Protein chains: 2
Amino acid sequence: MRAAVEAFAERGFHATTTRDIASRAGMSPAALYIHYRTKEELLYRISLVGHERSVRILTEAAEGPGGPVERLTAAVTSFVRWHAERHTTARVVQYELSALAEEHLAEISALRRRTGEIMRGILAEGVAAGQFEIPHIRSTARAILSLCIDVSRWFDPSGPDGPDVLAARYAALVLRMAGAGGGAEAGGAPAGTVTGSSG
Amino acid sequence: MRAAVEAFAERGFHATTTRDIASRAGMSPAALYIHYRTKEELLYRISLVGHERSVRILTEAAEGPGGPVERLTAAVTSFVRWHAERHTTARVVQYELSALAEEHLAEISALRRRTGEIMRGILAEGVAAGQFEIPHIRSTARAILSLCIDVSRWFDPSGPDGPDVLAARYAALVLRMAGAGGGAEAGGAPAGTVTGSSG
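Only a predicted model underlies this, so the values are computations on that prediction, with no experimental measurement involved.

What to know about the overall build of chain A
The helix and strand inventory of chain A stands at nine helices and zero strands. Of the regular secondary structure in chain A, the N- to C-terminal order runs α-α-α-α-α-α-α-α-α. For chain A, the spread of C-alpha atoms along the three principal axes comes to 65 × 40 × 30 Å. When the 22 positive and 22 negative side-chain charges of chain A are each reduced to one mean point, those points stand 3 Å apart.

Okay, structure coming up:
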């Protein structure tokens with residue numbers, strides 16, 4: 001699976017052959033075939049492991065200790081860290097979905113919907129507790145997940161900020177997006193200035 | 001170029017042949033060759049046009065009317081709208097960089113650094129004017145550009161929110177990320193209204 005991740009990340013799914021993957025893994029194509037019948041099955045397994053990991057990370061955060069602020073912080077911290085540390089895997093997981101067979105895509109799509117639901121749940125919990133101030137929960141959840149996921153596109157291990165620094169900064173930005181902390185910076189717009197409410 | 005964008009978006013750069021592209025464009029491979037000697041040259045032209053567009057969008061916003069709040073709003077609004085409306089092109093522009101030849105990648109990388117500089121400039125201007133409150137300008141600029149770029153990955157024209165609604169909501173979220181002045185522009189709801197709709 002590691003060999004397949006590297007090959008898919010480098011050349012894309014469609015340009016990768018099972019022979020490439022077997023060769024990277026130091027196996028014969030026949031030996032690879034014992035474990036995975038097609039390269040689509042390999043992509044599916046990579047995608048499944050990655051998406052199950054995403055759901056687990058967010059579930060643990062959503063059910064973790066503390067209140068909505070701590071839970072949102074934990075969710076973003078873990079999710080950013082995973083997309084930075086495992087950026088090659090995450091890139092394949094996030095960007096090669098269209099190559100999945102129909103029934104596999106359906107299964108993965110269900111896991112993706114679940115990650116959205118968990119994030120919306122954390123935000124809704126904070127709004128209900130009066131700790132977040134969020135005009136549009138769905139769009140805000142989407143934007144928060146985008147921030148985390150996009151890390152896998154640009155993250156460079158030789159860059160100035162490591163996964164932990166990045167995760168802490170992004171968690172702080174996300175608390176602002178959620179209008180956390182009751183501060184003037186976060187919410188409380190006067191009537192008539194609400195934006196983005198037209199649909 | 002449109003045919004190449006479609007082919008690259010569908011199968012990835014490496015799995016696309018110049019024959020595929022010529023056939024989609026209703027041309028012979030020989031006719032395509034008159035305009036573009038290699039498929040890498042096609043990818044480079046697509047990437048160049050897209051990145052020049054990004055720099056232009058952000059430059060116009062940074063030099064536009066009003067103060068930092070209006071400029072940041074304009075930048076995010078236009079950038080999100082472009083990544084939503086032209087999501088197929090944007091996806092190729094943002095995700096196929098590694099297939100560029102070295103000298104082309106250097107040219108594109110310079111344009112990418114420029115987009116980062118322009119965003120950091122807008123944020124720094126707001127901090128200097130006392131209108132933004134930003135602990136880490138580089139990470140915040142990166143996160144803002146991530147939000148906009150990631151739209152091209154997930155945007156679905158059949159989804160509930162069109163480019164304009166999305167752009168307005170994201171602009172409001174970004175003003176919060178920038179700690180913009182007192183919340184009046186931050187897209188919060190007026191005190192006392194019910195918040196946390198499913199939007």
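Re the UniProt feature "domain: HTH tetR-type" (unreviewed entry) in chain A
Per the UniProt record, the feature "domain: HTH tetR-type" (unreviewed entry) sits at residues 1-54 of chain A. Along residues 1-54 of chain A the backbone is 74% helical and 0% strand, and the end-to-end C-alpha distance reaches 18 Å.

Some thoughts on the nonpolar core
Core analysis: the largest hydrophobic core is formed by 124 residues, its most contacted members being L72(A), Y170(A), L72(B) and Y170(B). The element best represented in this core is helix α8 (residues 137-154) of chain A, accounting for 10 residues. In this structure, L72(A) is in contact with M119(A), I122(A), L123(A), F132(A), I144(A), V174(A), L175(A) and A178(A), ignoring residues within four places of it in sequence.

Notes on the UniProt feature "DNA-binding region" (unreviewed entry) in chain A
Those residues carrying the UniProt feature "DNA-binding region" (unreviewed entry) are residues 17-36 of chain A in this numbering. Strand forms 0% of residues 17-36 of chain A and helix 70%; the C-alpha atoms that close the span are 13 Å apart.

So, the environment of S158(A)
Residue and element names in this part refer to chain A. With respect to the secondary-structure elements, S158 resides in the loop between α8 and α9 (163-177). The class of S158 is exposed, set by a relative accessible area of 63%. A distance of 2.7 Å separates the side chain of S158 from the side chain of D156, its partner in a polar contact.

Let's talk about the environment of G26(A)
Here G26(A) is to be found in the loop between α2 (18-24) and α3 (29-35). Linking G26(A) and A3(A), residues 23 residues apart in sequence, is a C-alpha distance of 9.2 Å.

A closer look at the layout of surface pockets
All names here are of chain B. By volume, the second largest pocket is sized at about 280 Å³. If you go around the second largest pocket, you meet 13 residues; those closest to its centre are R2, V5, V49, R86 and T89. Among the elements that take part in the lining of the second largest pocket, helix α4 (residues 39-62) stands out by supplying five residues, more than any other. Per-class residue counts for the lining of the second largest pocket are five nonpolar, three polar and five charged.

A short note on helix α5 (residues 68-85) of chain B
Residues and elements named next belong to chain B. With 18 residues, α5 should reach 26 Å at 1.5 Å per residue; the first-to-last C-alpha distance of 25 Å fits that figure. Within the span of α5, buried status applies to P68, V69, R71, L72, A75, V76, T77, F79, V80, W82, H83 and A84. Elements in contact with the buried residues of α5: α4, α6 (87-95), α7 (102-128), α8 (137-154) and α9 (163-177).

As for the packing of aromatic side chains
The way to describe two aromatic rings as a pair is by their centre distance and the angle between their planes. The full count for this structure, using the stated rule, is five aromatic pairs over all chains. Aromatic side chains W154(A) and F155(A) sit 6.3 Å apart centroid to centroid with 55° between the ring planes, which places their arrangement in the tilted category. Both residues of the pair, W154(A) and F155(A), count as buried. Across the ring face of W154(B), the terminal group of R142(A) is positioned such that the distance to the ring centre comes to 3.9 Å.

Let's talk about α9(B)
Helix length check: α9(B) (15 residues) gives 21 Å between terminal C-alpha atoms against 21 Å at 1.5 Å per residue, within 8%. Burial analysis of α9(B) places 12 of its 15 residues in the buried class, which makes it a mostly covered element. All buried positions along α9(B) are accounted for by V165(B), L166(B), A167(B), R169(B), Y170(B), A171(B), A172(B), L173(B), V174(B), L175(B), R176(B) and M177(B). Residues of α9(B) that are buried in the fold lie against α8 and α9 of chain A together with α5 and α8 of chain B. Residue G179(B) follows α9(B) closely and has a positive phi angle near 60°.

Notes on the environment of C148(A)
Residues and elements named next belong to chain A. Within the secondary structure, C148 is located in helix α8. Sequence separation of C148 and L58 is 90 residues, and the distance between their C-alpha atoms is 12 Å. Not counting residues up to four positions away in its chain, the partners in contact with C148 are V76, F79, V80 and H83.

Thoughts on the side chain of S47(B)
Structurally, S47(B) can be placed in helix α4. In this view, S47(B) contacts V93(B), L97(B), L100(B) and I108(B); residues no more than four positions away in its chain are not counted.

Basis of the calculations
- Per chain, residue numbering runs from 1 following the sequence as it is written.
- Chain letters and ligand numbers both follow the written order, the letters beginning at A and the numbers at 1.
- Residues qualify for local features only when their pLDDT is at least 70, as the model is predicted, and side-chain atom pairs are given and counted only at 80 or more; totals for whole chains, interfaces and linings, by contrast, use all residues.
- Processing note: side-chain calculations cover all non-hydrogen atoms of the structure and skip hydrogens and water entirely.
- Helix numbering and strand numbering both begin at the N terminus, where a helix is a DSSP run of H or I of at least 4 residues and a strand a DSSP run of E of at least 2.
- His is not counted here, nor are the chain ends, while Lys and Arg score as positive and Asp and Glu score as negative.
- By convention, the charge on Lys lies at NZ, on Arg at CZ, on Asp at CG and on Glu at CD.
- UniProt positions are given in the numbering used here, feature names are shortened, and annotations may be inferred rather than shown by experiment.
- For this analysis, a nonpolar core means a set of buried residues of the types Ala, Val, Leu, Ile, Met, Phe, Trp, Tyr and Cys, connected via side-chain atoms within 4.5 Å.
- Any residue under 20% of the maximum accessible area for its type is buried, any over 50% is exposed, and the rest in between are partly exposed; the area is computed with a 1.4 Å probe on protein chains only.
- Residue contacts are defined here by distance: any two heavy atoms, one from each residue, within 4.5 Å place the two residues in contact.
- Think of a polar contact as two N or O atoms within 3.5 Å of one another; within protein, one of them needs to be a possible hydrogen donor and the other a possible acceptor, and neighboring residues in sequence only count if both atoms come from side chains.
- Every definition here rests on a 1 Å grid over the protein atoms only: cavities are sets of points where a 1.4 Å probe fits but cannot get out, pockets are open sets enclosed by protein on both sides within 12 Å along at least five of seven lines, and lining residues have some atom within 4 Å of a point.
- Grid points are joined across faces, edges and corners, and a volume is the space filled by probe spheres set on the points.
- Under the scheme applied, nonpolar residues are Ala, Val, Leu, Ile, Met, Phe, Trp, Tyr, Cys and Pro; charged residues are Asp, Glu, Lys and Arg; polar residues are all the others, including Gly.
- Multiplying 1.5 Å by the residue count of a helix minus one yields the expected span of that helix.
- Note on aromatic contacts: the rings of Phe and Tyr and the six-membered ring of Trp form a pair at centre separations within 6.5 Å, being stacked when their planes are under 30 degrees apart, edge-to-face when over 60 apart, and tilted otherwise.
- Working rule: Lys NZ or Arg CZ, within 6 Å of ring centre, within 35 degrees of ring normal, means a charge sits over the ring.

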